[in-house]
Every structure is written in structure tokens, then in C-alpha cells.
Amino acid sequence: MDIDSGAPQEIKKYQTYAVAVDPDQDDKATEIKLCSFARPHMRAFHCSWWGFFIAFFIWFAIAPLLSEIKETLDLTKQEIWTSSIVGVGGTIFMRFVLGPACDKFGARILFAVVLCCASIPTAMTGLVNSATGLAILRLFIGIAGGTFVMCQYWTSRMFTREVVGTANALVGGWGNLGGGVTQLVMGSVLFPLFKSIYDDDAEKAWRSVSVVPAIVAFSSGALMYFISDDAPKGNYSDMKKNGTMPEVSAADSFRQGALNLNTWILFVQYACCFGVELTMNNAAALYFREEFDQTTESAAAIASIFGWMNLFARGLGGFSSDKMNAYMGMRGRLLIHTIFLAAEGGLVLVFANSQSLGGSIFVMVIFSVFVQAAEGSSYGIVPYVDPPATGAIAGIV
């Protein structure tokens with residue numbers, strides 16, 4: 001017989017969960033069940049990595065096509081690099097905005113909005129006719145890169161401190177995998193397919209092929225909005241109405257995160273690993289084509305290898321961070337992160353001085369593993385800098 005204790009029952013969307021949770025950590029999951037898609041924890045997990053994967057896919061969909069665009073529009077190497085820098089610049093701005101917005105609105109809504117908005121300029125790639133037009137286009141496509149903030153915030157909201165490093169690293173790594181897959185799919189599959197459709201007309205092919213990832217991105221953003229939840233106990237709007245979550249000021253959240261010195265130390269450290277990955281995603285295909293005289297298709301396939309390491313390497317970084325935390329606490333997380341960064345720094349010099357195609361590919365694979373592992377270990381640290389301002393800190397870092 002159930003006895004009414006007289007204590008009010010907490011209002012939340014789900015009374016039971018498909019994973020073990022810790023009530024003392026706001027019903028966050030204490031385990032990761034990769035084969036489960038149950039709401040809210042694992043549904044958010046899979047929506048998080050898939051949304052970031054698609055964002056990365058459209059962000060760098062143009063990269064394997066740059067050699068063709070350069071030839072068609074008669075652009076210089078400097079103009080191509082300028083467009084790549086502008087594309088990353090758009091992402092940096094959005095990350096600063098989206099971080100505190102996550103603390104206020106949650107990741108789900110922002111993920112959907114950004115994916116749908118970024119799909120529009122992606123579909124307009126074929127309208128580019130000048131270096132200025134290319135730079136402006138990539139600036140607006142670059143807002144897709146801001147989804148990384150929601151990707152990391154969402155899993156930080158869903159998983160406990162014991163497994164959050166692994167969860168963040170897995171969704172970040174599988175999402176980053178989009179940078180490698182897009183090199184392969186766009187450069188070695190869709191571009192040749194569209195060329196064959198247009199009777200070997202490369203210009204018509206690159207001008208129309210980006211419509212495909214744009215449609216996928218828009219559809220993913222719209223679907224994500226309806227099939228997932230902001231937090232273990234429900235959506236932020238409902239939680240604020242029933243009193244289980246206080247109203248949050250985005251400005252106060254940003255101020256709180258920005259005034260923490262540790263935020264900026266992590267900012268510099270993360271720039272040293274994720275910045276390297278962005279550079280490789282933008283330049284690798286062009287590098288292998290010009291340095292080793294590869295075709296557009298083969299250069300794109302080789303460049304994709306760097307991104308494919310995300311399949312396991314970033315998760316390895318997060319897992320190592322969680323394990324070191326179990327043995328040494330936060331000092332363990334910092335130690336393993338430092339080791340990964342040091343190894344990455346040494347290998348980038350070796351890669352830059354590799355003279356043969358085979359040697360370059362081999363070094364690039366090992367180099368990529370440490371780059372992704374350093375990224376994974378970074379976000380084993382972020383949720384602990386200042387938990388109430390996690391979104392703002394994730395946006396800055």
C-alpha cells in the first residue's frame with residue numbers, strides 16, 4: 001500500500017528513464033547506452049552528434065570543390081584562403097552569441113534554428129561569381145559551426161560528471177566526423193555524379209551539388225525540434241513555468257563565464273587543437289592536389305582521412321579524461337590534456353616536412369588522432385569551470 005507522505009511530487013516530463021540517473025545531479029544519466037534512442041538522455045545524445053555532423057558537413061561541403069571554384073572564377077590562392085578565414089570568423093561570432101543563449105533557451109531550439117538558417121546559404125553556393133561573393137557566402141555558411149556549442153552543452157545537461165567527458169567527446173567527435181565525410185562524399189561521390197549528369201561539365205556540377213547537403217541540413221534541424229528534449233526533466237519553457245528551473249539571463253551568464261580566467265586559458269588551448277582541425281579541413285584537399293599532383297576526387301578522399309579519425313580519437317580523449325579524473329581528480333584531466341597537446345605540436349612539424357605522399361598520409365593519421373584526443377580532453381574540463389555558466393563558457397572556448 002502506497003502511503004502519501006504529504007511532500008509535493010516534483011513536476012517533470014518523465015517519471016522513469018531508460019538509463020540509470022542521479023537524482024542529486026538533476027536526473028542526469030550515469031551511463032551511456034549507445035544503442036538506445038530513448039528520450040530524453042540518449043535521444044539528446046544522438047540528436048547532438050547528428051546535428052553537429054550535418055553542420056560540419058555543410059560547413060565544409062565547399063572545401064573539396066575549392067580547386068574547381070578557383071579555376072572557374074580565376075581566383076588566387078590568397079582569395080581562397082581569405083574565404084576560409086572569413087568562414088571561421090562567422091563561427092567565432094556565433095559561438096559567443098550561442099553560448100549564453102544555451103543557458104537561457106537550451107540547445108534543442110538553437111540547434112534547429114541554426115541548421116535551418118545555415119542550409120539557405122549552402123544551397124546558394126552555385127550563385128557565387130567572385131572572390132567577394134565567395135567570402136560572403138562562406139561567412140553565412142560558417143554560422144553552422146556554432147552548433148558545436150549546443151552539441152557540448154546538450155550532453156553536459158544530460159550526463160553526470162562521471163561520464164560527461166566521454167559523452168561530450170563522443171558527440172563532438174562523431175559530429176566532427178562530418179568534416180571528413182563531406183570531403184569524401186562531396187569531392188569523390190556527389191561531384192563526379194553531378195559531373196556525369198551534366199556531361200562532364202565541372203562548373204555546372206559544383207554550382208548545383210551543394211543543394212543536396214542543404215536539404216539534409218534543413219530537414220534535420222526541423223526534425224530535431226520535434227523529437228527531443230532540452231533537459232532530463234523536460235523543455236526549458238515548461239520547466240520555468242512549473243518552477244523546476246529559474247529564469248536565466250543570457251547577459252549575466254556570458255558575464256559570469258567571461259570573467260573567469262580559466263575560461264580564457266581553455267580558449268587558447270582549444271584553439272591549438274580545434275583551430276588545427278579547421279585549418280586541415282579547409283586546406284588538406286587543396287594541399288594534396290597541388291603538392292602531390294592529385295586529382296580533385298583523390299585529393300578529397302585523402303583529405304577525408306583526417307576527419308575520419310574523429311570516429312574514435314575524440315572519444316578516446318574524453319574517455320582518458322574521465323579515467324584520469326577517477327585516479328587524480330581535475331589534475332588528471334589537465335595532465336592528459338597537456339600530453340595530447342604536446343604530441344600534436346610535435347607531429348604537426350613532422351607532417352609539414354613530409355616529402356612523400358605515403359609518408360604524409362601516415363603522419364597525418366597519427367597527427368589527427370592526437371588533435372582529436374586533445375579536443376576530447378578539453379571538453380572533459382569545460383563543464384567544471386563554472387557549472388551555472390556552462391553554455392557561455394562552451395561558447396567562448
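The structure under discussion appears in the preceding block.
Residues numbered from 1 in each chain as written. Predicted model: local features only at pLDDT ≥ 70, side-chain atom pairs only at ≥ 80, totals over all residues. Heavy atoms only, no water.

Enquirer: Can you walk me through the state of the cysteines in this structure?
Expert: Covalent bonding between the sulfur atoms of two cysteines is what defines a disulfide. A full pass over the atoms with the stated rule returns 0 disulfides. The thiol of Cys35 is not disulfide-bonded; the next cysteine sulfur, from Cys47, is found 16 Å away. The thiol of Cys273 is unpaired, and the distance to the nearest cysteine sulfur, on Cys272, comes to 7.2 Å. (Disulfide = S-S within 2.5 Å.)

Enquirer: Even after reading the chapter, I still don't get the pattern of salt bridges, so can you show me in this structure?
Expert: Charged atoms that come close allow side chains of opposite charge to pair. Across all of its chains, the model carries 16 salt bridges by this definition. Of the charged contacts, one joins Lys12 and Asp27 as a salt bridge, the two residues approaching to 2.8 Å between their closest N and O atoms. Of this pair, Lys12 sits in the segment before strand 1 (21-22) while Asp27 sits in the loop between strand 1 and strand 2 (28-29), placing them 15 residues apart in sequence. Here Glu203 ties to Arg207 by a salt bridge, and the two come within 3.0 Å at their closest N and O atoms. Of this pair, Glu203 and Arg207 both sit in helix 8 (residues 202-208), 4 residues apart, which is roughly one turn of that helix. Through salt bridges with shared partners, one network takes in Lys13, Arg39 and Asp229. (Salt bridge = Lys/Arg side-chain N within 4 Å of Asp/Glu carboxyl O. Helix = DSSP H or I, 4+ residues; strand = E, 2+ residues; numbered from the N terminus.)

Enquirer: Sorry, what's going on with the packing of aromatic side chains here?
Expert: Working definition: an aromatic ring pair is given by the centre-to-centre distance plus the angle between the planes. According to the stated counting rule, one finds 28 aromatic pairs in the structure shown. With centroids separated by 5.3 Å and ring planes inclined at 75°, the aromatic side chains of Tyr287 and Phe288 adopt a geometry described as edge-to-face. For Tyr287, a relative accessible area of 25% translates into the label partly exposed. What makes Phe288 buried here is its relative accessible area of 0%. Members of the aromatic cluster, each reached through a chain of ring pairs, are Phe45, Trp49, Trp50, Phe53, Phe57, Phe159 and Trp174. Geometry around Phe105 places Lys104 over its ring, the cationic atom sitting 5.7 Å from the centre. Over the aromatic face of Tyr225 sits the side chain of Arg108, whose NZ or CZ is 4.8 Å from the ring centroid. (Phe/Tyr/Trp six-rings, centres within 6.5 Å; stacked < 30°, edge-to-face > 60°. Buried < 20%, exposed > 50% of the residue type's maximum accessible area, 1.4 Å probe, protein only. Lys NZ or Arg CZ within 6 Å of the ring centre and 35° of its normal.)

Enquirer: Looking at this model, I keep getting lost on the side chain of Ser48. Mind explaining?
Expert: Positionally, Ser48 belongs in helix 1 (residues 41-59). Looking at Ser48, the relative accessible area reads 0%, which means it is buried. Setting aside residues up to four positions removed in sequence, Ser48 forms contacts with Phe111, Met150, Cys151, Trp154, Thr155 and Val171. (Contact = heavy atoms within 4.5 Å.)

Enquirer: What is the right way to read the packing of helix 3 (residues 77-105) against helix 12 (residues 261-292) from this model?
Expert: What describes two packed helices is the angle between their axes and the distance between those same axes. Running from N to C, helix 3 and helix 12 cross one another at 150°; their axes reach a closest spacing of 12 Å. Both helix 3 and helix 12 take part in a crossing whose hand is right-handed. In this structure, helix 3 uses Lys77, Ile80, Trp81, Ser84, Val88, Arg95 and Phe96 to contact helix 12, whose residues at the interface are Trp264, Tyr270, Phe274, Leu278, Thr279, Asn282, Ala283, Leu286 and Glu290. Residue composition of the contact of helix 3 with helix 12, grouped by class: 10 nonpolar, 3 polar and 3 charged. (Axes fitted to C-alpha atoms, helices over the stretch in contact; angles between N-to-C directions. Left-handed = near helix turned anticlockwise from the far one by under 90°. Nonpolar A, V, L, I, M, F, W, Y, C, P; charged D, E, K, R; others polar.)

Enquirer: Help me out: how do you make sense of unusual backbone geometry in this one?
Expert: Excluding glycine, residues mostly carry a negative phi; peptide bonds, for their part, are mostly trans. Cis rather than trans, the peptide bond between Arg39 and Pro40 has omega equal to 0°. Mapped onto the elements of the fold, Pro40 is located in the loop between strand 2 and helix 1. Its identity is not glycine, yet Asp26 carries a phi of approximately 60°, on the positive side. Take Asp26: it is sitting in the loop between strand 1 and strand 2.

All quantities given are derived from atomic positions and should not be read as evidence of function.
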